[in-house]
Amino acid sequence: MSEVLINNVLEELGFRYDPNSVYQQTINSVLHAAALLELPHHLQLILAQPKNEIMVHFPVKMDSGRYRLFKGYRVQHNNLLGPFKGGIRYHASVNLDEIKALAAIMTMKCSLLRLPLGGAKGGVQVDPRSISQDELMRLTRRFTTALGDNIGPDYDIPAPDLGTNAQTMAWMADTYMMMSMPSHSARGQSVVTGKPLEFGGSVGRDKATGQGLVFVLEEILPELGLKLETISISLIGFGNVGSWTGRLLCQRGAKLRAVLDHTGAIRSDSGIDAAALTAHVEKTGGVTGFPGADAINEDDFYRTKVDVFIPAALEQMVDLERAKIMDCKVVAEAANAPTTPPGERHLQDRGIPVLPAVLCNAGGVTVSYFEWKQNRQAETWDAETVDAQLKKHMFAAAARVKLAKHRFDCDMRTAAYVAALESIGRVYRLRGIFP
Ligand code: GLU
């Protein structure tokens, strides 16, 4: 990890050092890997800025009859390897810096997995829990309309992320299809992935991010002297990614010791039943009050001794203060950018490796790619095919990261970016820069 405050490429582009900018943190790590790889300076410049930053403001009629104006984003970081790809998140704290960082991470993720896709991310500044389903539908349709031709099945393909789900994608796809010429309308379905099964979705997409993480751990843990079947884990976040990761790991024999979410924290030394907790969260909206565990405070959650600590919620939750009290053997980033650079440095100094998001949570976009491919080929794969293909992709990506780590004697995050940048560098060399 680079100690320089601001990378010379960012400085050349006019960035002012901001330690709290997730974008600068992300690009700093990417550029550190690019320097190790000796990627040409002009490619470092290109990758240090997104290609397009789209910002829209749009009104929505609320149930009360009043109008609210919302702010939405779509940042398209890079489409060298294929159409832009990445999720849409609904959260009150959505902002441009965050969406830019997440878009850049998507470019790296797709490249590391060798998917024929680029990187993008979008979002709307809204707390989806605070508005009704009808309001959510109108907001989604109006946002999709505002994005217009900036998305499309061959150009930019959104997917679910924090605060959005298969229903959100169904509304997006329907709106896009309604706005298309009737003769193109049927193809319009593949404008988004993560759709409901009945409407062009893929089997296995819902659990894909969690399943991908399980495959990564299967491949990486033995090197760290751990076995998937006997590990203990803790989770930040129990939404789609957290709950699937918890359930799938518990099915393999792991013990879920503690969970923290927006409602509070719980712990059970004999193990939390992840399936029962999923049902509780579906009913009540959070982990608090789960009868199968004790309520604890946030600090005690971070202090809970586990083998694998899994942040599966928002960015920046593992900062220096938390890293100092964490008691784990490895951190596996199921969320995007959950670890701050000072937090990561401290964990590294303590000999705790951080398995980066770009590898750990790439299962989601990988099955999104399978869905897109099925839509375009008018095919339906079965669950075994999806699982087998996902395993193959995740194992190959983990192997690439391990190889880069040994070759450059670096941390796992740098290694993952090196492995991603290798293929981006090769394709830029072949294509050249227009004109
Ligand atoms: N939102 C997910 C991610 O951050 C999935 C993106 C996709 O499927 O395109 O990787």
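See above for the structure.
Below or above, wherever it landed, is the structure these notes cover. Here the structure is a predicted model, which is why all the values come from computation and not from measurement.

**Considerations on the overall build of the protein chain**
Regarding its fold elements, the protein chain presents 17 helices and 12 strands. Expected size for 435 residues packed as a compact globule is a radius of gyration near 22 Å; at 21 Å, the protein chain falls within 12% of this value. Over its C-alpha atoms, taken along the principal directions, the protein chain stretches across nearly 55 × 55 × 45 Å. By residue count, 57% of the 435 residues in the protein chain fall in the buried class. Counting only contacts in the protein chain whose residues sit at least 6 apart along the sequence, the fraction spanning at least 24 positions is 68%. Total accessible area computed for the protein chain in this model is approximately 17,800 Å², and 51% of it derives from carbon and sulfur atoms. Averaging the locations of the 47 positively and 47 negatively charged side chains of the protein chain gives two centres separated by 3 Å.

**Looking at the nonpolar core**
Residues Leu112, Val259, Leu277, Ile310 and Leu421 are the most contacted members of the largest nonpolar core, which totals 94 residues. Those residues in contact with Ile310 that lie beyond four places of it in its chain are Leu213, Ile233, Ser234, Leu235, Ile236, Thr245, Leu249, Ala332 and Ala334. Core analysis: the second largest hydrophobic core is formed by 23 residues, Phe70, Tyr90, Ile131 and Met172 among them.

**Examining the environment of Lys227**
Turning to its location among the elements, Lys227 is positioned in the loop between helix H8 (208-220) and strand E6 (232-236). Through-space distance from the C-alpha of Lys227 to that of Lys305 is 16 Å; in sequence the pair is 78 residues apart.

**Regarding the state of the cysteines**
Every disulfide links exactly two cysteines, by a covalent bond between their sulfur atoms. Here the structure, examined in full by the defined rule, presents zero disulfides. The thiol sulfur of Cys328 is not disulfide-bonded, and the nearest other cysteine sulfur, from Cys360, lies at 13 Å.

**Looking at the site of the ligand**
Around the ligand, a shell composed of 14 residues is seen, among which Lys85, Lys109, Lys121, Asp161 and Ser368 lie nearest. Taking Asp161, its side chain carries an N or O atom lying 2.7 Å from a nitrogen atom of the ligand. Protein coverage of the free-state accessible area of the ligand, which is 290 Å², stands at 95%. Elements supplying a minimum of two residues to the shell around the ligand: strand E3 (84-91), helix H4 (96-112), strand E5 (156-160) and helix H15 (363-377). Among the residues forming the shell around the ligand, the class breakdown is four nonpolar, five polar and five charged.

**A short note on the sheet that holds strand E7 (residues 255-261)**
Pairing within the open sheet is mixed, and its seven strands lie in the order E9-E8-E7-E6-E10-E11-E12. The outermost strands of the open sheet, each flanked by one partner alone, are strand E9 (294-296) and strand E12 (354-355). Note: strand E11 (residues 330-332) against E12, two bridges, orientation parallel. Counted as the bridge partner of Ala332 is Leu355 from E12. Contacting E6, E7 and strand E10 (308-311), helix H9 (residues 240-251) runs over the sheet at an angle of about 170° to E6.

**Examining the pattern of salt bridges**
By the definition in use, this model includes 25 salt bridges. With its nearest N and O atoms 2.9 Å apart, the salt bridge here joins Asp154 to Arg376. Of the two residues, Asp154 is situated in the loop between helix H5 (133-147) and E5 and Arg376 in helix H15; the sequence distance between them amounts to 222 residues. Of the charged contacts, one joins Glu422 and Arg407 as a salt bridge, the two residues approaching to 2.6 Å between their closest N and O atoms.

**Things to note about the environment of Cys250**
Position of Cys250 relative to the elements: it lies in helix H9. According to the relative accessible area criterion, Cys250 is partly exposed, its value standing at 23%. On a C-alpha basis, the gap between Cys250 and Ile272 in space is 9.0 Å, while along the polypeptide they are 22 residues apart. Look past the residues within four positions of Cys250 in its chain and what remains in contact with it is Leu256, Ile272 and Ala274.

**Some details on the packing of aromatic side chains**
Under the definition given, this model contains 11 aromatic pairs. Taken together, a centroid distance of 6.0 Å and an interplanar angle of 50° make the contact between Tyr369 and Phe370 tilted. Accessibility classification places Tyr369 together with Phe370 in one group, the buried group. On the numbers, 5.2 Å between centres and 40° between planes, the contact of Phe370 with Trp381 is tilted. Of this pair, Phe370 sits in helix H15 while Trp381 sits in the loop between H15 and helix H16 (383-408), placing them 11 residues apart in sequence. Since its relative accessible area comes to 1%, Phe370 is described here as buried. Of the aromatic side chains, those joined through ring pairs into one cluster are Tyr369, Phe370, Trp372 and Trp381. Taking the ring centre of Trp244 as reference, the NZ or CZ of Arg247 above it sits at 4.0 Å.

**Describing the pairing of strand E8 (residues 264-267)**
Two elements, E7 and E8, share four bridges in a ladder whose sense is antiparallel. Looking across to E8, one finds that Leu260 is bridged to Ala265. With three bridges joining them, E8 and E9 adopt antiparallel strand pairing. Pairing of Ala265 across the sheet is with Ile296, part of E9.

**Considerations on unusual backbone geometry**
Looking along the chain, the bond that leaves Phe434 and enters Pro435 is cis, with omega of 10°. In this structure, Glu38 is a non-glycine residue whose phi angle is positive, near 55°. Mapped onto the fold, Glu38 is located in the loop between helix H2 (22-37) and helix H3 (41-47). Since its relative accessible area comes to 68%, Glu38 is described here as exposed. One non-glycine residue, Ala337, lies in the positive phi region at around 50°. Residue placement: Ala337 occurs in the loop between E11 and helix H13 (341-349).

What counts, and at which threshold
- Residues numbered from 1 in each chain as written.
- Predicted model: local features only at pLDDT ≥ 70, side-chain atom pairs only at ≥ 80, totals over all residues.
- Heavy atoms only, no water.
- Helix = DSSP H or I, 4+ residues; strand = E, 2+ residues; numbered from the N terminus.
- Rg over C-alpha atoms; globule rule 2.2 N^0.38 Å.
- Buried < 20%, exposed > 50% of the residue type's maximum accessible area, 1.4 Å probe, protein only.
- Contact = heavy atoms within 4.5 Å.
- Areas by Shrake-Rupley, 256 points an atom, 1.4 Å probe, with all protein chains shown as cover.
- Lys, Arg positive; Asp, Glu negative; His and termini not counted.
- Charge placed at Lys NZ, Arg CZ, Asp CG, Glu CD.
- Core = buried A, V, L, I, M, F, W, Y, C linked by side-chain atoms within 4.5 Å.
- Disulfide = S-S within 2.5 Å.
- Near = heavy atom within 4 Å.
- Polar contact = N/O pair within 3.5 Å; in protein donor to acceptor, adjacent residues only side chain to side chain.
- Nonpolar A, V, L, I, M, F, W, Y, C, P; charged D, E, K, R; others polar.
- Pairing = 2+ DSSP bridges.
- Axes fitted to C-alpha atoms, helices over the stretch in contact; angles between N-to-C directions.
- Salt bridge = Lys/Arg side-chain N within 4 Å of Asp/Glu carboxyl O.
- Phe/Tyr/Trp six-rings, centres within 6.5 Å; stacked < 30°, edge-to-face > 60°.
- Lys NZ or Arg CZ within 6 Å of the ring centre and 35° of its normal.

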